[in-house]
Amino acid sequence: MTRTDRPTATPGRALRRGLDLPDAFREFLRHPSPWMIATVLAGALIARIVVGDWRWSDAALPAVMLAVFPAFEWVVHVLVLHWRPKRLGPLSIDSELARKHREHHVNPRDIPLIFIPTRSLAVVVAALLAIAVFAFPRTGLGLTFLLTVTVFGLCYEWTHYLIHTDYKPRHGLYRAVWKNHRHHHYKNEHFWFTVTTSGTADRLFGTHPDPATTATSPTARNLHADS
């Protein structure tokens, strides 16, 4: 990537300092992705209750999804969000998710860039609906999957958003998650890829070094500038 190719942040409202939790939540509700995810979640919950047919697998599936979610989050962050733009003849292979994520690294405090882009989220929702309908042996289990994944999605959006505000961690668990993602943005973009957990998939995949002995990257705010 040349100097002229460097991404610039989309103009947007910056987060104000000294934000408390109620104010942060009110700001969170002003953005489309939480509402989109919550709408699908509510629909999945209603449909799941109506369909019934509860079985042991409806308890096992969320547990399995919870166990693998940190690894899924890591893979998406590395392979999709940190995708290096490529050219195939006249075509540029570069998704909206990757482009917006590069802009997010340029200005981590720009509010709209914190959230999943609306068009990309619509595609993801359509794919999840298709999986729920066609990938499971019964309707109830497909709805359990959809309900679980939307809960995870809403938790992801809230956690990622809150980390980028000036709300200060008050509990050890959130403080660890907060530090983990802050290291990714302000220390070195090649490590600390999980967002909703700390020291899980990053330890598994070898991207959880000691921050004290890790060099500060000159490209943490400008992904792929060294290409």
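Residues numbered from 1 in each chain as written. Predicted model: local features only at pLDDT ≥ 70, side-chain atom pairs only at ≥ 80, totals over all residues. Heavy atoms only, no water.

Draft legend 1. Representation of the confidence of the model for the protein chain in the model. Taken over all residues, the pLDDT of the protein chain has a mean of 92, while the share at 70 or more is 92%. Segment residues 1-11: pLDDT under 50, and 24 contacts once partners within four positions in sequence are set aside and those in other chains are kept. (pLDDT = per-residue confidence, 0-100. Contact = heavy atoms within 4.5 Å.)

Draft legend 2. Structural view of the side chain of Arg 182. Secondary-structure assignment places Arg 182 in helix H8 (residues 172-186). It turns out Arg 182 is buried and unbridged, and the closest side chain with the opposite charge, Asp 166, is 4.7 Å from it. Excluding residues within four positions of it along the chain, Arg 182 makes contact with Ile 163, His 164, Thr 165 and Lys 187. (Helix = DSSP H or I, 4+ residues; strand = E, 2+ residues; numbered from the N terminus. Buried < 20%, exposed > 50% of the residue type's maximum accessible area, 1.4 Å probe, protein only. Lys, Arg positive; Asp, Glu negative; His and termini not counted. Salt bridge = Lys/Arg side-chain N within 4 Å of Asp/Glu carboxyl O.)

Draft legend 3. Region of interest: the environment of Leu 147. Tracing the backbone through its elements, the reader meets Leu 147 in helix H7 (residues 139-163). Separated by 63 residues in the primary sequence, Leu 147 and Arg 84 place their C-alpha atoms 32 Å from one another. Ignoring anything within four residues of it in the chain, the contact list for Leu 147 reads Leu 41, Ala 44 and Leu 45.

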